[in-house]
Amino acid sequence: MDVTIDPRFNGPSDSGHGGYVAGVVAGFLEGPARVRLHRPPPLGRRLDMRRSGSEVTLLDGEALVATGASTDVDLVVPDVVGFAEAEVASGAYPGFGEHMFRRCFGCGPARAAGDGLRIFAGPVPGRRLVAAPWIPDETLTDGGGAVRPEFLWAALDCPSGWAAIVDADGRPSVLGELAARLVDPVSPGERCVVLGWALGGEGRKRFAASAILGDGGAVRAVARSTWIAFSRD
C-alpha cells in the first residue's frame, strides 16, 4: 500500500515527524504498537507499506524507513498535573530559547496555531517531569469527531524527548522508537495536558515516557520512547 507523508508533518525540516510517522505505521496494526524508525522518513513522496504476519514495514524503494509490531505498553503515570499548572510549566519551555527544529510539527515555536500542534512542554517545579497544555482543534479530527490516532501519537512524541533532554545533558536527540497505547478518544476542544518524564539512559540512548491527560486528569494515551542523542563531535 502506498503512503505519503505530507510535508506539513515534519520534525526536522527535511524529514517526517517521528511520532506522526509512527502513528501512521501503527494504524496498520491492531491495539498498542511499537514502531522503530530506521532512517529519517522522507516527505512528499510515495512510500511502500508492507505487511508480513503481525508486523508491518515502511520502505522507501528498498531502503527500510520504519518497522512496527503489536506490543504491550504498561506504564505508571505520574500524579496529575492540572491544566493551569501545565500552562505555568509551558512558560519555561526550553525550546523557546534554543531549538534545532523550530518548525517541528509537534513542538516547533515557529509553527502557527492550526498548523503545528504547538505542544511546549516545560519543567514542572519540584517534580522530575515536563508538562504542556494542549487543546486539539477540529482539523485533527476523523469522521467521527475524535482526534485521529496518528495525531495522538504525534502529541506523545516531543514531550518525552524534552523530558529526556532536561533530565540528561541537554544534548538534542531524535526519536528512535515509540510504543503507544491509546486508551480513550480525545475530543477537539478538550483541555488536555501532555506529560513527559525520563526513564534513564544507556550511552547515547535516552529512555522516556509520556501521557495525554484529558478533562479531569483521565488518561487518554500513554507511550514509552527511545531517543538517540546527537554525537558530541
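Parameters at a glance
Residues numbered from 1 in each chain as written. Predicted model: local features only at pLDDT ≥ 70, side-chain atom pairs only at ≥ 80, totals over all residues. Heavy atoms only, no water. Axes fitted to C-alpha atoms, helices over the stretch in contact; angles between N-to-C directions. Helix = DSSP H or I, 4+ residues; strand = E, 2+ residues; numbered from the N terminus. Left-handed = near helix turned anticlockwise from the far one by under 90°. Contact = heavy atoms within 4.5 Å. Nonpolar A, V, L, I, M, F, W, Y, C, P; charged D, E, K, R; others polar. Salt bridge = Lys/Arg side-chain N within 4 Å of Asp/Glu carboxyl O. Buried < 20%, exposed > 50% of the residue type's maximum accessible area, 1.4 Å probe, protein only. Pairing = 2+ DSSP bridges. Phe/Tyr/Trp six-rings, centres within 6.5 Å; stacked < 30°, edge-to-face > 60°.

Let us now look at the packing of helix 1 (residues 18-26) against helix 3 (residues 149-167). In contact at an axis separation of 7 Å, helix 1 and helix 3 are set at 145° when each is read in the N-to-C sense. For helix 1 against helix 3, the interelement crossing comes out right-handed. Together, Gly18, Gly19, Tyr20, Ala22, Gly23, Val24 and Ala26 of helix 1 and Glu150, Phe151, Trp153, Ala154 and Asp157 of helix 3 make up the contact between the two elements. Residue composition of the contact of helix 1 with helix 3, by class: seven nonpolar, three polar and two charged.

Right, let's talk about the pattern of salt bridges for a bit. Under the definition given, this model contains ten salt bridges. Residue glutamate 190 pairs with arginine 220 through a salt bridge whose shortest N-O separation is 2.7 Å. On the criterion of sequence distance, the pair formed by glutamate 190 in the loop between strand 8 (173-182) and strand 9 (192-202) and arginine 220 in strand 11 (residues 219-229) is long-range, its members being 30 residues apart. No difference in accessibility class separates glutamate 190 from arginine 220, as the two residues are buried.

This part is about the sheet that holds strand 9. An order of 1-3-4-5-2-8-11-10-9-7-6 is seen for the eleven strands of this open sheet, with the pairing classed as antiparallel. Both edges of this open sheet fall to strand 1 (2-4) and strand 6 (122-123), since each of them pairs with a single strand only. As paired elements, strand 2 (residues 33-37) and strand 5 (residues 63-70) share five bridges and run antiparallel to each other. Opposite alanine 33, over in strand 5, you have serine 70 as the bridge partner. Packing against the sheet, helix 1 makes contact with strand 1, strand 2, strand 3 (46-52), strand 4 (55-60), strand 5 and strand 8, and its axis sits at approximately 125° to strand 2. This element, helix 2 (residues 83-90), spans strand 6, strand 7 (130-134) and strand 9 of the sheet and lies at about 110° to strand 7.

Moving on, we get to unusual backbone geometry. With phi around 55°, arginine 118 is a residue other than glycine that occupies positive phi space. For arginine 118, the position within the fold is in the loop between helix 2 and strand 6.

Counting across every chain of the model gives ten aromatic pairs. Judged by centre distance (6.4 Å) and plane angle (75°), the ring pair of tyrosine 20 and phenylalanine 105 falls under edge-to-face. Of the two residues, tyrosine 20 sits in helix 1 while phenylalanine 105 sits in the loop between helix 2 and strand 6, which places them 85 residues apart along the sequence. Given a relative accessible area of 6%, tyrosine 20 falls into the buried group. Ring centres 5.7 Å apart and planes at 35° place the aromatic pair tyrosine 20 and phenylalanine 151 in the tilted group. In this pair, tyrosine 20 sits in helix 1 while phenylalanine 151 sits in helix 3, placing the two residues 131 residues apart along the sequence. Given a relative accessible area of 1%, phenylalanine 151 falls into the buried group. The structure contains a cluster of three or more aromatic residues connected by ring pairs, namely Phe9, Tyr20, Phe105 and Phe151.

Function-wise, these values are silent; they only describe arrangement.
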